[in-house]
Amino acid sequence: MADVSHKSPSQAETQEQSVLQKHVSFFDRNHDGIVYPWETFKGFRAIGCGIPLSTFAAVFINVGLSQKTRPGKFPSLLFPVEVGNIHKAKHGSDSGVYDTQGRFVPEKFEEIFTKHALTYPNALTSDELKKMLRANRVPKDYAGWLASYSEWKILYVLCKDKNGLLQKETIRAVYDGSLFERMEREHAAARQ
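The paragraphs below set out a description of the structure included in this document.

Conventions used here
- Residues numbered from 1 in each chain as written.
- Predicted model: local features only at pLDDT ≥ 70, side-chain atom pairs only at ≥ 80, totals over all residues.
- Heavy atoms only, no water.
- Salt bridge = Lys/Arg side-chain N within 4 Å of Asp/Glu carboxyl O.
- Helix = DSSP H or I, 4+ residues; strand = E, 2+ residues; numbered from the N terminus.
- Buried < 20%, exposed > 50% of the residue type's maximum accessible area, 1.4 Å probe, protein only.
- Core = buried A, V, L, I, M, F, W, Y, C linked by side-chain atoms within 4.5 Å.
- Contact = heavy atoms within 4.5 Å.
- Polar contact = N/O pair within 3.5 Å; in protein donor to acceptor, adjacent residues only side chain to side chain.
- Axes fitted to C-alpha atoms, helices over the stretch in contact; angles between N-to-C directions.
- Parallel < 35°, antiparallel > 145°, perpendicular 65-115°, else oblique.
- Left-handed = near helix turned anticlockwise from the far one by under 90°.
- Nonpolar A, V, L, I, M, F, W, Y, C, P; charged D, E, K, R; others polar.
- Phe/Tyr/Trp six-rings, centres within 6.5 Å; stacked < 30°, edge-to-face > 60°.
- Lys NZ or Arg CZ within 6 Å of the ring centre and 35° of its normal.

Overview of the pattern of salt bridges
And step 1. Following the criterion strictly, the structure yields ten salt bridges and no others.
And step 2. Residue Glu 82 is joined to Arg 70 by a salt bridge in which the shortest nitrogen-to-oxygen separation is 3.7 Å. Here Glu 82 is found in strand β2 (residues 81-82), whereas its partner Arg 70 is found in the loop between α4 (51-65) and β2, with twelve residues between them in sequence.
And step 3. By relative accessible area, Glu 82 is classed as buried at 16%.
And step 4. The partner of Asp 99 in a salt bridge is Arg 103, with the nearest N and O atoms 2.7 Å apart.

Shown next, in the form of structure tokens:
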């Protein structure tokens, strides 16, 4: 049975959000502007991830991002992530597709494919993805390396096609958050 407690944000809410906020809002299961670890867990379960990955993601994401999105506030052991401040948690060694305000940068998105998609113009192979991650590394930015690797590895494992390719439209959809909504619908339909 599908979890019907999650409703998409209203059109007015999503029009006011940056693309990065839309990406994160999927995990704000009650739409209060705050993502707690249990919401991250439920979001990962909703897109078809198992309990171990969902648990790891909830801890890794919320512990890593919480304080960065709550500047000037006392640390919380509930590790809330404030959607409105998610741009403050942007890590280094990334693709640059989100700017410092969380807006989508089309040129940087296209650059992923012009620089790294050498086998197929609209998809990345596993090896091309690894090379891209190495090329994006900022020296001694170990936290950024880990964050980028984790994000892209999970995306690849969950979304590669039958030929082992990560398609351009899939990558675009993860940036705007629409991939999560689609995966949730597909997972719910498969469970029916």
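With respect to the nonpolar core
And step 1. Ranked by internal contacts, the top residues of the largest apolar core, which has 38 residues, are Ile 112, Leu 124, Trp 152, Ile 171 and Tyr 175.
And step 2. Looking at this core, the elements with two or more residues in it are α2 (19-25), α3 (37-46), α5 (106-116), α6 (126-135), α7 (142-159), α8 (168-176) and α9 (178-191).
And step 3. In contact with Tyr 175, other than residues within four places in its own chain, are Val 19, His 23, Ser 95, Val 97, Tyr 98, Phe 104, Phe 109, Ile 112 and Trp 152.

Focus: the environment of Asp 161
And step 1. If you trace the backbone, Asp 161 turns up in the loop between α7 and β4 (166-167).
And step 2. Note on Asp 161: relative accessible area 23%, which makes it partly exposed.
And step 3. Along the primary structure Asp 161 and Ala 123 are separated by 38 residues, whereas in three dimensions their C-alpha atoms are 9.9 Å apart.
And step 4. Polar side-chain contacts of Asp 161 include one of 2.8 Å to the side chain of Gln 167.

Describing the packing of α7 against α8
And step 1. Close contact between α7 and α8 brings their axes to 12 Å; oriented N to C, the two are set at 125°. Regarding the angle of α7 to α8, the classification is oblique. Once α7 is placed against α8, the crossing between them reads as right-handed. Across the interface between the two elements, Trp 152, Leu 155 and Cys 159 from α7 touch Thr 170, Ile 171, Val 174 and Tyr 175 from α8.
And step 2. Looking at the contact of α7 with α8, its residues break down into six nonpolar, one polar and no charged.

Topic: the packing of aromatic side chains
And step 1. One pass over the structure, following the stated rule, counts 13 aromatic pairs.
And step 2. Every member of this aromatic cluster is reached through a ring pair, and the members are Tyr 98, Phe 104, Phe 109, Phe 113, Trp 152 and Tyr 175.
And step 3. Looking at Arg 29, its charged tip hangs above the ring of Phe 26, at a distance of 4.7 Å from the centre.
And step 4. Over the face of the ring belonging to Phe 104 we find Arg 172, whose NZ or CZ atom lies 3.9 Å from the ring centre.

A closer look at the packing of α5 against α8
And step 1. Across the interface, α5 lies against α8 with an axial gap of 12 Å and an inter-helix angle of 150°. Taken together, the axis directions place α5 and α8 in an arrangement best described as roughly antiparallel. As α5 packs across α8, the resulting crossing turns out to be right-handed. Where α5 abuts α8, its residues Phe 109, Glu 110, Ile 112 and Phe 113 lie against Lys 168, Ile 171, Arg 172 and Tyr 175.

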